[in-house]
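A look at the structure
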Amino acid sequence: MSEDFAAVAATAAERLAAHWRDLATGELPVVPPGGPGTTKKALPTTAPEHGEDLTEILNDTWHTIVPQLVHWQHPGFLGYYPTSNSPASVLAELVAAGLGVQGMLWSTSPAATELEQVVCDWLARALDLPETFLHSPGRGGGVIQDGASSAVLVALAAALHRASHGRWRTHGTEGRYRVYAGDQANSCVAKAARIAGVGDVVHVPTAPHTHALDPAALADRLDADRAVGLVPAAVVATLGTTATCAIDPIAEIGPVCRERGVWLHVDAAYAGSAALCPEHRYLNRGLEHVASYAVNAHKWMRTGTPCDVLWVADRQALTEAMSTAPAYLRNAATDSGRVVDFKDWQTQLGRPMRALKLWYVLRAHGLHGLREAIRHDIALAEHLARLVDDESGFHLVTHALGLVVFRCDSDQRTLELTTRLAAEPSLLCTPATAYGRPVLRAAVGAPYTSKDTITRAWSTIRAHART
Ligand SMILES: *Cc1c(COP(=O)(O)O)cnc(C)c1O
């Protein structure tokens, strides 16, 4: 059985390497041809009674599954925000899966927990985050979550715990607590507020020409709510909004929250990675006011999904909000108070060893390599922005980091172009609304995107706009 594994794993590795070569040469479509039901139709309706050969299952993967995927690693993938991986990340996932450990407690896999503390500290230092976010020597620390959505959810739990002086654990939200975010915040904030039991998130208006959260409007809203007996528990600010990569002014929002005792969480899912480069450290301005901060390594750090890192400045609020201590999890290490049990930092109990992935990526690329990748993507986005700007009939709406947002002369033409591009197999852009108008977004960050592939993608977009 183990020899089988080594041989079939080698075949899988060869197939992936060939797949990456095909992606790099642009031979595969980004978007699959089949409509809804294509894959289901190709699969049996029941599981096999007797085990099948792994080689055959692998063959079927390439025959039935791969052709109906959207290829997020494809150079023509410009949709959403990138989810780029790398050989180091893939190898780490294989090794972690093979080791098959579960690090819910320090005692259930000591090295898994300690490696995670170390790589979260490495990354905090690499991003030049405040010292308070470090496991050592700080009172805070980082933890790997499955995504920015989970990060904001557990941050809200900590915020509610703090705002209610612990009462939230026993009495829930009692209809009194409020969570605030800019009207451009990712939809995951609204979802997290709903799950946390505070109902609708309060959307604060953003500035008309930047789409950044307006600190004065925020302060007014917090004070007005407090005046009628509501309790502002948390504000979620965004570094790099999804529609336009707007940057909320943390240096001004921070004091507004601090003066009022409100937990400030910063969602930097996409843009946060740019702070690896010293020239983008302006993103960190004001982070000393922040209670929690999250960045998706799985977006712009060549680390496969899922891998978000959440840091908190004071881990006590988080672990008090999330901790459970059933008799079946009691152990001497926990009782000693000398270890971190990451089950108290997340919603799930069990947890895979995702730290290995970040460790492999940080070591294999080095901070220098990750910075160069980000700079490469930003340069390509600048190239695309120039192409858009030079083209009659198009408007460059905004351009920030690796994101280019554009529209046509009229909304009608933008919407027509959006429909045509949705049927274009060689590239993927996603639509959004910005400054009240329909726009298209092109986010650069897939690993094989080059100046050539961007130039070609732009010719395709132009051609669709002319027909
Ligand atoms: C991508 C993104 C999210 C969602 O991240 P998940 O990891 O998929 O939960 C949230 N916020 C922002 C700003 C994002 O860019």
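Residues numbered from 1 in each chain as written. Predicted model: local features only at pLDDT ≥ 70, side-chain atom pairs only at ≥ 80, totals over all residues. Heavy atoms only, no water.

Quick look at the overall build of the chain
Heads up, the condition is: Secondary structure is summarised from DSSP: a helix means a run of H or I of at least four residues, a strand means a run of E of at least two, and numbering begins at the N terminus for each. Radius of gyration: over C-alpha atoms. The globule rule applied is 2.2 Å multiplied by the number of residues raised to the 0.38 power. Summary of the burial criterion: residues with accessible area below 20% of their type's maximum are buried, those above 50% are exposed, and those between are partly exposed, where the area comes from a 1.4 Å probe applied to protein chains only. Between two residues, a contact is recorded if the distance between any of their heavy atoms is within 4.5 Å. Methods summary: accessible areas were calculated by the Shrake-Rupley approach with a probe of 1.4 Å, and residue burial reflects only the protein chains presented. A positive count includes Lys and Arg, and a negative count includes Asp and Glu. His and the chain ends are not counted in either. Here the site of a charge means NZ on Lys, CZ on Arg, CG on Asp, or CD on Glu.
A tally of helices and strands in the chain yields 16 helices and eleven strands. Whereas a compact globule of 467 residues would reach a radius of gyration of roughly 23 Å, the chain reaches 23 Å, a difference of no more than 12%. Principal-axis analysis of the C-alpha atoms gives the chain an extent of 60 × 60 × 45 Å. Within the chain, the fraction of its 467 residues that count as buried is 51%. If you take every contact in the chain between residues at least 6 apart in sequence, the share linking residues at least 24 apart comes to 73%. Here the chain has roughly 20900 Å² of accessible surface; of this, 55% comes from carbon and sulfur atoms. Side chains of the chain give 41 positive and 47 negative charges; the mean places of these two sets differ by 4 Å.

Quick notes on the domain arrangement of the chain
Rules: An automatic or database domain assignment is the source of the domain bounds shown. Simply put, the buried area is the total loss of 1.4 Å probe accessible area from both parts when two parts are fitted together.
You can read the domains of the chain as domain 1 (2-68), domain 2 (101-352) and domain 3 (367-465). Once you take the C-alpha centre of each, domain 2 and domain 3 turn out to be 31 Å apart. Interface area, domain 2 with domain 3, both sides summed: about 1800 Å², of which 65% is carbon and sulfur. Interface area lost by domain 2 to domain 3 is led by Thr244, Trp300 and Arg302, which between them contribute 33%.

Quick look at the pattern of salt bridges
Opposite charge on two side chains lets them pair, provided their charged atoms get close. So the rule is basically this: The term salt bridge refers to a side-chain nitrogen of Lys or Arg lying within 4 Å of a carboxyl oxygen of Asp or Glu.
As enumerated under the stated definition, the model contains 17 salt bridges in all. Arginine 462 is the salt-bridge partner of glutamate 391, the closest N and O atoms lying 3.1 Å from each other. Of this pair, glutamate 391 sits in the loop between helix H14 (355-389) and strand S8 (394-400) while arginine 462 is found in helix H16 (residues 451-466), placing the two residues 71 residues apart along the sequence. Overall, glutamate 391 belongs to the buried group, its relative accessible area being 14%. A relative accessible area of 33% places arginine 462 in the partly exposed class.

Describing the packing of helix H4 (residues 87-99) against H14
Rules: Lines are fitted to the C-alpha atoms to define the axes, a helix being fitted only along its stretch in contact, and any angle between axes, read from their N-to-C directions, falls within 0 to 180 degrees. Put simply, a crossing is left-handed when the front helix is turned counterclockwise from the back one by less than a right angle, and right-handed when it is turned clockwise. Nonpolar residues are Ala, Val, Leu, Ile, Met, Phe, Trp, Tyr, Cys and Pro. Charged residues are Asp, Glu, Lys and Arg, and all others, Gly as well, are polar.
At a minimum axis separation of 8 Å, H4 and H14 run at an interaxial angle of 145 degrees. Crossing geometry of H4 relative to H14 is assigned as right-handed. Contacts between H4 and H14 involve Ala88, Ser89, Leu91, Ala92, Glu93, Val95 and Ala96 from the first element and Leu356, Lys357, Tyr360, Val361, Ala364 and His365 from the second. A breakdown of the residues in the contact of H4 with H14 according to their chemical character gives nine nonpolar, two polar and two charged.

Considerations on the site of the ligand
For clarity, the cut-off: Whether a residue is near a molecule or strand depends on its heavy atoms: if one lies within 4 Å, it is near. N or O atoms closer than or at 3.5 Å make up a polar contact, with two conditions inside protein: a donor-capable atom paired with an acceptor-capable one, and, for residues adjacent in sequence, both atoms drawn from side chains.
Close contacts around the ligand come from 14 residues, with Ala148, Ser149, Asp267, Asn296 and Lys299 the closest. Histidine 298 places a side-chain nitrogen or oxygen 3.3 Å from an oxygen atom of the ligand. Protein coverage of the free-state accessible area of the ligand, which is 390 Å², stands at 82%. Among the secondary structure elements, those contributing two or more residues to the shell around the ligand are helix H6 (148-163) and helix H11 (297-300). Class assignment of the residues belonging to the shell around the ligand gives a composition of four nonpolar, eight polar and two charged.

Observations regarding the packing of aromatic side chains
Aromatic ring pairs are reported here in terms of the distance separating the ring centres and the angle at which the planes meet. Applied cut-off: Only the six-membered ring of Trp is used, alongside the rings of Phe and Tyr, when aromatic pairs are assigned; centres must lie within 6.5 Å, and planes under 30 degrees apart are stacked while those over 60 apart are edge-to-face, with the rest tilted.
One pass over the structure, following the stated rule, counts twelve aromatic pairs. Consider the rings of tyrosine 270 and tryptophan 300, whose centres lie 4.7 Å apart with planes at 20 degrees: the pair is stacked. Of this pair, tyrosine 270 sits in the loop between strand S5 (263-267) and strand S6 (292-296) while tryptophan 300 is found in helix H11, placing the two residues 30 residues apart along the sequence. Comparing tyrosine 270 with tryptophan 300 shows no difference in burial state: the two are buried. Through a chain of ring-to-ring contacts, the aromatic side chains of Trp72, Phe77 and Tyr80 assemble into a single cluster.

A word on the UniProt feature "modified residue: N6-(pyridoxal phosphate)lysine" (unreviewed entry) in the chain
The line we're drawing: UniProt positions are given in the numbering used here, feature names are shortened, and annotations may be inferred rather than shown by experiment.
Per the UniProt entry, the sites bearing "modified residue: N6-(pyridoxal phosphate)lysine" (unreviewed entry) are Lys299 in this numbering. Tracing the sequence through the fold places lysine 299 in helix H11.

Digging into the packing of helix H5 (residues 110-126) against H14
What counts is decided by this rule: Here roughly perpendicular refers to angles of 65 to 115 degrees, roughly parallel to angles under 35, roughly antiparallel to angles over 145, and oblique to all remaining angles.
Following both chains from N to C, one finds H5 and H14 inclined at 40 degrees, their axes separated by 9 Å at the closest point. In this view, H5 runs oblique relative to H14, as classed from their interaxial angle. For the element pair H5 and H14, the recorded crossing hand is left-handed. Residue-level contacts link Ala112, Leu115, Glu116, Val119, Trp122, Leu123 and Ala126 of H5 to Ala355, Leu356, Leu358, Trp359, Leu362, Arg363 and Leu367 of H14. Residues belonging to the contact of H5 with H14 are distributed by class as follows: twelve nonpolar, no polar and two charged.

Looking at the side chain of histidine 71
If you trace the backbone, histidine 71 turns up in the loop between helix H3 (54-65) and H4. Since its relative accessible area comes to 7%, histidine 71 is described here as buried. At 3.4 Å, the side chain of histidine 71 forms a polar contact with the backbone oxygen of valine 66. In this view, histidine 71 contacts His19, Leu23, Leu28, Pro29, Val30, Val66 and Phe77; residues no more than four positions away in its chain are not counted.

Here we look at the sheet that holds strand S10 (residues 430-434)
Note the cut-off: When DSSP finds two or more bridges between a pair of strands, those strands are recorded as paired.
Taken in spatial order, the four strands of this open sheet run S8-S9-S11-S10, and their pairing is antiparallel. Of all the strands in the sheet, the pair left with one neighbour each is S8 and S10. Adjacent strand axes in the sheet meet at a mean angle of 35 degrees when their direction is disregarded. Where S8 and strand S9 (residues 403-408) come together, six bridges link them in antiparallel fashion. Pairing of threonine 398 across the sheet is with valine 405, part of S9. Along the sheet face, H14 touches S8, S9 and strand S11 (437-443) and points at about 160 degrees away from the line of S8. Strands S8, S9, S10 and S11 of the sheet are contacted by helix H15 (residues 411-422), whose axis makes an angle of about 40 degrees with S11.

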